[in-house]
Amino acid sequence: MRLTNALGCWLVTTIAIARIAIRDHDRRVCSMFEQIAPENRSFSLSEAPMSTLTQAHNELFRRRPDECFSSVESLIQHCRNEHRESQDRWHLPARLQPVVVGGELSFAAGDDGEFLLNDWSFSQICRLSGVAKETVNRLSPDTARSVLRETLPNGAKPMQILTTGPSIRSIHGAAYSRLWNSELLETVAECAGEFSPPQTAMTGATGLYCGEQDLFCFLIDPAGWIEIGEEAFAPGFFVWNSEVGRRSLGISTFWFQRVCQNHIVWDATNVVEFTRKHTGNVRESLLEIRRMIQALQERRDERKDSFATAVRKAMATNVASDSDEAMKFLSQHNLPRDTIERAVKQLGHDGKPFTLWNLVDVLTHMNLNLRYAGDRTEADQKVAKLMELAV
């Protein structure tokens, strides 16, 4: 698969090409988001050295089998069913009363009846009461009921109770605005139909998850790969949401070279992230998520030509005919003497010509062996400037 055949960790080469290929376009994209993003939203753009993204990896190993889905279609259908079976109920705090039913702690919601608590809603109740969850868990149901009745706050504003079947999924104040997972996924499906999950992970998971607290999706464009020599680059994104307030709504788009079977994303660049709290008209964010995915697609189409042009020019540009000329060339670019000598010696040992691409490649691999991140960053910045000669 292309995901596993993109060999090597060639940080600087890709950073430089990305900077050359998308600098002007990203200025336009950043300006667009600055215009549409109000103060209660966050937006960031990173053109820093390559990143290793572990969000999908973390999700992979914290999800139970029943939270994993085999396809986007099955995940959307699950979220639609959950939406259809759920209901928001509004009650004043005084009408929310802990009760014991069948030996289990439950909650009576006014005239709507009695509901069980799941782990998340139980945690919310404990926080509202100002009592540690661990303490309540050690009490008998009858004692826990008495403690919560004594400590639950009263107020004049109604509480928003989300129920699904016999259980309370979440409890919020009036300021909370819910965005259903199905609404988010339908937006993604409409504008990113060519994106799909990466290769199946070692656990059998696909990168598509939805549990009682939140949703997370990892998608890539399998037809968006740009292959030049042994290098490959592709666009992808993470998207997440919580119907119960466990996490914000968000998306992170990026370009990457490799994804391993632990769903670690290696050599990611041009990482763009947007998040939004569940307040106000949170559905406005769906338009912005759509725009971010479309911007990723536009960059994909533009970069196919610009990546190829820059790399092919670097591969075809001979900067020296022998070791002495190569050392003289590199000395003009503020590189340490010992680094220059080792790079030139390595290329001579490998029998490779002194092209701009080969010099950047060998210097990149040498930088990976630097012990401190600060030293690596400084060295990467120096070497990255070499690729600008391919413009």
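Student: Go over the nonpolar core with me, naming the residues and quoting the values.
Tutor: Taken as a class, soluble globular proteins show a tendency for nonpolar side chains to be buried jointly. Judged by nonpolar contacts, the single largest core of 32 residues is most densely connected at Leu75, Leu184, Val188, Leu215, Phe237, Ile251 and Ile293. When residues of this core are traced back to their parent elements, those giving at least two are helix H4 (72-85), helix H8 (181-191), strand E9 (208-210), strand E10 (215-220), strand E12 (231-241), strand E13 (249-256), strand E15 (265-276) and helix H9 (284-316). Sorting elements by how many residues they give to this core places H9 first, with five residues. Membership of the second largest hydrophobic core comes to 25 residues, among which are Ala326, Phe329, Leu347 and Val360.

Student: Mind laying out the packing of aromatic side chains, listing which residues take part and the relevant values?
Tutor: Scanning the model with the defined rule gives six aromatic pairs in all. Ring centres of Phe218 and Phe238 lie 5.0 Å apart, and the angle between their planes is 65 degrees; this geometry places the pair in the edge-to-face category. Of this pair, Phe218 sits in strand E10 while Phe238 sits in strand E12, placing them 20 residues apart in sequence. Assessed through its relative accessible area of 0%, Phe218 is described here as buried. Judged by relative accessible area, which is 0%, Phe238 ranks as buried. Note on Phe218 and Phe254: the rings are 6.4 Å apart at their centroids and 45 degrees apart in plane angle, and the pair reads as tilted. Note that Phe218 is positioned in strand E10 and Phe254 in strand E13, a separation of 36 residues in sequence. Each member of the pair, Phe218 as well as Phe254, is classed as buried. The positively charged end of Arg178 is found above the aromatic ring belonging to Trp180, 5.8 Å away from the centroid.

Student: Residues and numbers for the sheet that holds strand E8 (residues 167-172), please.
Tutor: Taken in spatial order, the six strands line up as E3-E7-E8-E6-E5-E4 in an open sheet, and their pairing is mixed. Among the strands making up the open sheet, the edge pair consists of strand E3 (86-91) and strand E4 (96-101). Geometrically, the sheet is characterised by an average inter-axis angle of 45 degrees between neighbouring strands, direction not taken into account. Summarising the sheet, E4 and strand E5 (residues 104-109) pair through six bridges and their orientation is antiparallel. Residue Val101 lies in a different strand from E5, and its bridge partner there is Glu104. Contacting E3, strand E7 (159-164) and E8, H4 crosses the sheet at an angle of about 35 degrees to E3. Sitting on the sheet, helix H7 (residues 141-151) touches E4 and E5, and the angle it makes with E4 is about 175 degrees.

Student: Can you explain helix H3 (residues 55-62)? Please cite residues and give values.
Tutor: Among the residues making up H3, those that are buried are Ala56, His57, Glu59 and Leu60. Looking down the long axis of H3, one finds its buried residues gathered within 165 degrees of arc, a one-sided arrangement.

Student: Describe the packing of helix H10 (residues 323-331) against helix H11 (residues 337-350), listing the residues and the values that go with them.
Tutor: Angle between the axes and distance between the axes: these two values describe a pair of packed helices. Taken N-terminus to C-terminus, the directions of H10 and H11 make an angle of 145 degrees; their axes are 10 Å apart at the nearest point. At the point where H10 passes H11, the crossing takes the right-handed sense. Along the contact surface, H10 presents Ser323, Ala326, Met327, Leu330 and Ser331, while H11 presents Arg337, Ile340, Glu341 and Val344. Partitioned by chemical class, the residues of the contact of H10 with H11 number five nonpolar, two polar and two charged.

Student: Before we move on, could you go through H8 and cite the residues and values that matter?
Tutor: In terms of residue burial, H8 counts as a mostly covered element, since eight of its 11 residues are buried. Every buried residue of H8 is accounted for by Asn181, Ser182, Glu183, Leu184, Leu185, Thr187, Val188 and Cys191.

Student: Explain the environment of Ala232 residue by residue, including any values.
Tutor: Among the secondary structure elements, Ala232 is positioned in strand E12. With relative accessibility at 5%, the residue Ala232 sits in the buried group. Along the chain, Ala232 and Arg258 lie 26 residues apart, while their C-alpha atoms are 8.2 Å from each other.

Student: If you had to explain the pairing of E10 to someone new, which residues and values would you point to?
Tutor: Buried residues dominate E10, accounting for six of its six residues. Neither face of E10 is open: one carries Leu215, Cys217 and Leu219, the other Phe216, Phe218 and Ile220, and all of them are buried. Relative to E10, E9 is paired through three bridges, and the arrangement is antiparallel. Looking at E10, one finds that Tyr209 is bridged to Phe216.

Cut-offs applied
- Residues numbered from 1 in each chain as written.
- Predicted model: local features only at pLDDT ≥ 70, side-chain atom pairs only at ≥ 80, totals over all residues.
- Heavy atoms only, no water.
- Core = buried A, V, L, I, M, F, W, Y, C linked by side-chain atoms within 4.5 Å.
- Buried < 20%, exposed > 50% of the residue type's maximum accessible area, 1.4 Å probe, protein only.
- Helix = DSSP H or I, 4+ residues; strand = E, 2+ residues; numbered from the N terminus.
- Phe/Tyr/Trp six-rings, centres within 6.5 Å; stacked < 30°, edge-to-face > 60°.
- Lys NZ or Arg CZ within 6 Å of the ring centre and 35° of its normal.
- Pairing = 2+ DSSP bridges.
- Axes fitted to C-alpha atoms, helices over the stretch in contact; angles between N-to-C directions.
- Contact = heavy atoms within 4.5 Å.
- Arc of directions from axis to C-beta.
- Left-handed = near helix turned anticlockwise from the far one by under 90°.
- Nonpolar A, V, L, I, M, F, W, Y, C, P; charged D, E, K, R; others polar.

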